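In case you want the letters, here they are:
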Amino acid sequence: MEKEKLQEFAARVSQANRSELVVVIYEAALASIAEGKKLLADEEIAEARKEAERAEGMLTELMRSLDMQYSVSHYLRQLYIFARGELCRGIALRQPELFDHASDILEKLLPSFQEVAKQDTSGAVMENAQQIYAGLTYGPDSLNETVGMGLDSNRGFEA
């Protein structure tokens, strides 16, 4: 995955509440799966494996975050296990189309988690994170996007 895309996901994580964090993980996993599939199709096996492992790590994190007291969590866990298995099989058998099985599962579940995130009004998980500001500026013949980090002196750990 491109460095800029990773930075975008990291910035979103720093500002997300618990529900939004799940959405970010889903979207990052989908991006890794898509990139891994492309790399595998281009026979760049080592790079495809890295992307598959990144997506597997995200699926593992989704499994860890499940509250198993709810029956739906058991079903989600089985789906995540299946998706991880398809990524492993895709790499082992050099079959990029197996990555589609994993992405299909996540793409079907993502809208539900996005809806939950819209309704979640809780605060960000990372309470003392740096604020990120974005905007557009323009010149005589160009439009520039700028992203700035807030310079808050109270950021960091408190003793």
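Being a predicted model, the structure only gives us computed values, none of them experimental.

Undergrad: Would you explain the environment of R84 in this entry?
TA: Here R84 lies in helix α4 (residues 71-93). For R84, a relative accessible area of 29% puts it in the partly exposed group. Spatially, the C-alpha atom of R84 lies 6.9 Å from that of L59, the residues being 25 residues apart in sequence.

Undergrad: Honestly, unusual backbone geometry in this entry has me stumped. Any pointers?
TA: Where the residue is not glycine, phi is negative for most of them; where a peptide bond is considered, it is trans in most cases. The phi dihedral of E43 falls on the positive side, at around 60 degrees, and the residue is not glycine. Along the chain, E43 turns up in the loop between α2 (18-41) and α3 (45-64). Residue classification places E43 among the exposed positions, given a relative accessible area of 68%.

Undergrad: What is the right way to read the packing of aromatic side chains from this model?
TA: Working definition: an aromatic ring pair is given by the centre-to-centre distance plus the angle between the planes. Per the counting criterion, the structure on display carries two aromatic pairs. Judged by centre distance (6.3 Å) and plane angle (70 degrees), the ring pair of Y26 and Y80 falls under edge-to-face. On the criterion of sequence distance, the pair formed by Y26 in helix α2 and Y80 in helix α4 is long-range, its members being 54 residues apart. Y80 carries the same exposure label as Y26, and that label is buried. Between Y26 and F113, the aromatic rings sit 5.0 Å apart at their centres with planes inclined by 35 degrees, giving tilted as the arrangement. Here F113 lies in helix α5 (residues 98-119) and Y26 lies in helix α2, a separation of 87 residues in the sequence.

Reading the values: rules and limits
- Residues numbered from 1 in each chain as written.
- Predicted model: local features only at pLDDT ≥ 70, side-chain atom pairs only at ≥ 80, totals over all residues.
- Heavy atoms only, no water.
- Helix = DSSP H or I, 4+ residues; strand = E, 2+ residues; numbered from the N terminus.
- Buried < 20%, exposed > 50% of the residue type's maximum accessible area, 1.4 Å probe, protein only.
- Phe/Tyr/Trp six-rings, centres within 6.5 Å; stacked < 30°, edge-to-face > 60°.

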